Each structure stands twice: as structure tokens, then as C-alpha cells.
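Residues per chain, in single letters:
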Amino acid sequence: MQGVRFKVITANDPDIFQERLNRFVEDLPEEVVLVEVKFSVAEGSSPLFAALVHYKEVEAWKE
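Residues numbered from 1 in each chain as written. Predicted model: local features only at pLDDT ≥ 70, side-chain atom pairs only at ≥ 80, totals over all residues. Heavy atoms only, no water.

Per an unreviewed UniProt entry, the chain carries the name Sporulation protein Cse60 and comes from Thermus scotoductus.

Along the backbone of the chain there are one helix and three strands. Going from the N terminus to the C terminus, the chain shows its helices and strands as β-α-β-β. Whereas a compact globule of 63 residues would reach a radius of gyration of roughly 11 Å, the chain reaches 14 Å, over 25% beyond that. The long-range share in the chain, meaning contacts at least 24 apart out of those at least 6 apart in sequence, stands at 55%. One way to put it: in the chain the 7 positive side-chain charges average out to a point 7 Å from where the 12 negative ones average out. (Helix = DSSP H or I, 4+ residues; strand = E, 2+ residues; numbered from the N terminus. Rg over C-alpha atoms; globule rule 2.2 N^0.38 Å. Contact = heavy atoms within 4.5 Å. Lys, Arg positive; Asp, Glu negative; His and termini not counted. Charge placed at Lys NZ, Arg CZ, Asp CG, Glu CD.)

This model, assessed by the stated rule, comprises two salt bridges. Here Arg23 and Glu19 are joined by a salt bridge, their closest N and O atoms 3.7 Å apart. With Arg23 and Glu19 both in helix H1 (residues 14-26), this residue pair falls four residues apart, about one helical turn. For Glu19, a relative accessible area of 48% puts it in the partly exposed group. (Salt bridge = Lys/Arg side-chain N within 4 Å of Asp/Glu carboxyl O. Buried < 20%, exposed > 50% of the residue type's maximum accessible area, 1.4 Å probe, protein only.)

Turning our eyes to something else, we now look at the pairing of strand S2 (residues 32-42). As paired elements, S2 and strand S3 (residues 48-57) share ten bridges and run antiparallel to each other. Bridge pairing in S3 places Val41 opposite Phe49. The antiparallel hairpin formed by S2 and S3 contains five residues in its connecting segment. (Pairing = 2+ DSSP bridges.)

Quick look at the sheet that holds S3 now. Sheet architecture is open: three strands sit in the order S1-S3-S2, paired in antiparallel fashion. Looking along the sheet, the strands with just one partner apiece sit at the ends: strand S1 (4-11) and S2. Between one strand and the next, the sheet's axes are offset by a mean angle of 15 degrees, whatever the strand orientation. (Axes fitted to C-alpha atoms, helices over the stretch in contact; angles between N-to-C directions.)

Within the largest apolar cluster, eleven residues are counted, these being Ile9, Ala11, Phe17, Leu21, Phe24, Leu28, Val32, Phe49, Ala51, Val53 and Tyr55. Elements that contribute at least two residues to this core include exactly S1, H1 and S3. Examining the composition of this core, we find that four residues originate from one element, S3, more than from any other. Once residues within four sequence positions are removed from consideration, Val32 is found in contact with Tyr55, Lys56 and Glu57. (Core = buried A, V, L, I, M, F, W, Y, C linked by side-chain atoms within 4.5 Å.)

Now the structure itself:
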């Protein structure tokens, strides 16, 4: 599967987690399509927020 990529984003603070996720998505090139984003929270003394971002590089649309 050519062009398929994954990125794991984590943080212990929900605001930092959101900032990291937003920054990653904003920095993706135009020829990238988000396929899926999965979220998880690990509970404990300091919760860990995590996202697995699945994205794919695609060719530009030609008319």
C-alpha cells in the first residue's frame, strides 16, 4: 500500500493534545487525505490522551 502513513499523537494535557493534533492536521500537504482518526484515553494519576491518525498521499485531481 503505497502512500499510506500513520502518526501517533499523545499528551497528558487535553489542551496540549488538541494543539498537537490541530497542528499536525493543518501542516498536512493538500495531496493528503485523512482516512481515519482513532482516540484513546489511558486513565491513571496523569491521564494520557492519544490519537492514531491514518492518512494517505493521493494524486492531484485532474479534469
